Amino acid sequence: MDGQMHSNDRQIAVEVLSILHLHRDMRICLRYLAALVAVVAAGLVSPASAQAASGLKVSEAVIQSLTAQAIVPSWATNTIGNASAIGIGVIGAKDGNYNVPNKYDYVLPVNMYTHDRFGWNTTGGFYTGPNYCTWQLRSDDHGVTWYRQYPDLGSGVHLIGANTSYIVTSYSC
């Protein structure tokens, strides 16, 4: 390679770092990293070429590992999980009346879900700050299955469906 970090390599690095921030248990982190290395090592030259040659194989492996334990509790209709290295703004109700005007209600700390941190049985959305973007994992079946949602979102308020849960990661863009 030419020593430059390509955009696909950057995206994979963000996903790997997000895994490390989401899980405090080092054994889980090591399992995720081993799965990622196995996918890249299976005959593919680099993370960038792996992404280009195989579509979402690297991302799918990461998503499967990341979401293995991300089940929404039965009493919650939806939730938002923060896999970022920083807190993210979250919205309790989609009423436009937020604690931080035109933005969000509370900051969701790293490695937390809205149902755990705030006891919310439903979450209205999340806020992405200026100069940040977010990538999202989405579940439409109460956290049983998750998939990577495209495109990444830019700054602003992002409302979610009443039965749609997300795991989001903010990154500088």
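Summary of the structure given here.

The rules behind the values
Counting restarts for each chain: residues are numbered from 1 in the order of the written sequence. At least 70 in pLDDT is required for a residue's local features to be given in this predicted model, at least 80 for side-chain atom pairs to be given and counted, and no such filter applies to totals for whole chains, interfaces and linings, which use all residues. Derived side-chain values reflect all non-hydrogen atoms in the structure, with water molecules and hydrogen atoms excluded from consideration. Salt bridge criterion: a side-chain nitrogen from Lys or Arg within 4 Å of a carboxyl oxygen from Asp or Glu. Residue exposure (1.4 Å probe, protein chains only): buried if accessible area is under 20% of the type maximum, exposed if over 50%, otherwise partly exposed. When DSSP finds at least two bridges between two strands, those strands are taken to pair. Secondary structure is summarised from DSSP: a helix means a run of H or I of at least four residues, a strand means a run of E of at least two, and numbering begins at the N terminus for each. Working convention: axes come from line fits to C-alpha atoms, limited for helices to the stretch in contact. Angles between N-to-C directions cover 0 to 180 degrees. Take the buried Ala, Val, Leu, Ile, Met, Phe, Trp, Tyr and Cys residues and link them wherever side-chain atoms come within 4.5 Å; each set so joined is a nonpolar core. Whenever a pair of cysteine sulfur atoms sits within 2.5 Å, that pair is classed as a disulfide. Any two rings among Phe, Tyr and Trp, with Trp reduced to its six-membered ring, count as a pair given centres within 6.5 Å; such a pair is stacked if its planes are under 30 degrees apart, edge-to-face if over 60, and tilted if neither. Pairs of residues are marked as contacts when any of their non-hydrogen atoms sit within 4.5 Å.

## Quick word on the pattern of salt bridges
Tallying each qualifying case throughout the model produces two salt bridges. Salt-bridge contacts for Asp140 lead to Arg138; the nearest nitrogen and oxygen are separated by 2.8 Å. The class for Asp140 is partly exposed, based on a relative accessible area of 41%. Between Arg148 and Asp152 there is a salt bridge, with its nearest N and O atoms 3.0 Å apart.

## Details of the sheet that holds strand 5 (residues 132-139)
With mixed pairing, four strands are arranged side by side in an open sheet as 1-8-5-6. With partners counted over all chains shown, the strands left at the sheet margins are strand 1 (80-82) and strand 6 (147-153), one partner each. Each strand axis lies, on average, 25° off the axis of its neighbour in the sheet, ignoring direction. Sheet topology note: the strand 5/strand 8 (residues 165-172) ladder contains eight bridges and is antiparallel. For Tyr132, the partnering residue across the bridge sits in strand 8 and is Ser172.

## Digging into the nonpolar core
One finds Ile80, Ile88, Val90, Leu108, Met112, Trp120, Phe126, Ile160, Tyr166 and Val168 forming the largest nonpolar core, which totals ten residues. Where this core is concerned, the elements lending two or more residues are strand 2 (88-91) and strand 8. Among the nonpolar cores identified, the runner-up in size contains six residues, and Ala83, Tyr113, Trp146 and Ile167 belong to it.

## Observations regarding the sheet that holds strand 4 (residues 125-128)
With antiparallel pairing, the four strands of this open sheet are ordered in space as 3-2-4-7. Either end of the sheet is taken by a strand with one partner, and the two such strands are strand 3 (106-108) and strand 7 (156-159). Averaged over all pairs of adjacent strands, the angle between strand axes in this sheet comes to 35°, irrespective of strand direction. Direction of pairing for strand 2 relative to strand 3: antiparallel, over a ladder of three bridges. Within strand 3, the residue paired with Val90 across the bridge is Tyr106.

## Digging into the state of the cysteines
In this structure the tally under the stated criterion is one disulfide. The residue that forms a disulfide with Cys133 is Cys173, at a sulfur-sulfur distance of 2.1 Å. One quick way to see it: the torsion about the S-S bond of Cys133 and Cys173 is about 80°, and its sign makes the bridge right-handed. One end of the pair, Cys133, is in strand 5; the other, Cys173, is in the segment after strand 8, and 40 residues separate them in sequence.

## Digging into the pairing of strand 8
The buried fraction of strand 8 amounts to six of the eight residues, a majority that puts the element mostly inside the structure. Pairing of strand 1 with strand 8 involves three bridges; the strand directions are parallel. Counted as the bridge partner of Asn82 is Val168 from strand 8.

## Quick look at the packing of aromatic side chains
A complete count under the given rule lists five aromatic pairs for this structure. Between Tyr106 and Trp120, the ring centres sit 6.2 Å apart and the planes meet at 50°, which makes this aromatic pair tilted. Placement of the pair is Tyr106 in strand 3 and Trp120 in the loop between helix 5 (114-117) and strand 4, with a sequence separation of 14 residues.

## Section: the side chain of Ser170
Position of Ser170 among the secondary structure elements: in strand 8. Leave out the neighbours within four places in its chain, and Ser170 touches Ser84, Ile86, Ile88, Tyr132, Cys133 and Thr134.

## Some remarks on unusual backbone geometry
Glycine aside, residues mostly have negative phi, and peptide bonds are mostly found in the trans state. Residue Pro151 follows Tyr150 across a cis peptide bond; omega there is -5°. If you trace the backbone, Pro151 turns up in strand 6. With a phi close to 70°, Asn131 is a non-glycine residue in the positive phi region. Tracing the backbone shows Asn131 in the loop between strand 4 and strand 5. On the basis of relative accessible area, Asn131 is assigned to the exposed category, the value being 60%. With a phi close to 65°, His142 is a non-glycine residue in the positive phi region. When you line up the elements, His142 lands in the loop between strand 5 and strand 6. For His142, a relative accessible area of 29% gives the class partly exposed.

So, to be careful, I would describe these as geometric facts and stop short of saying anything about function.
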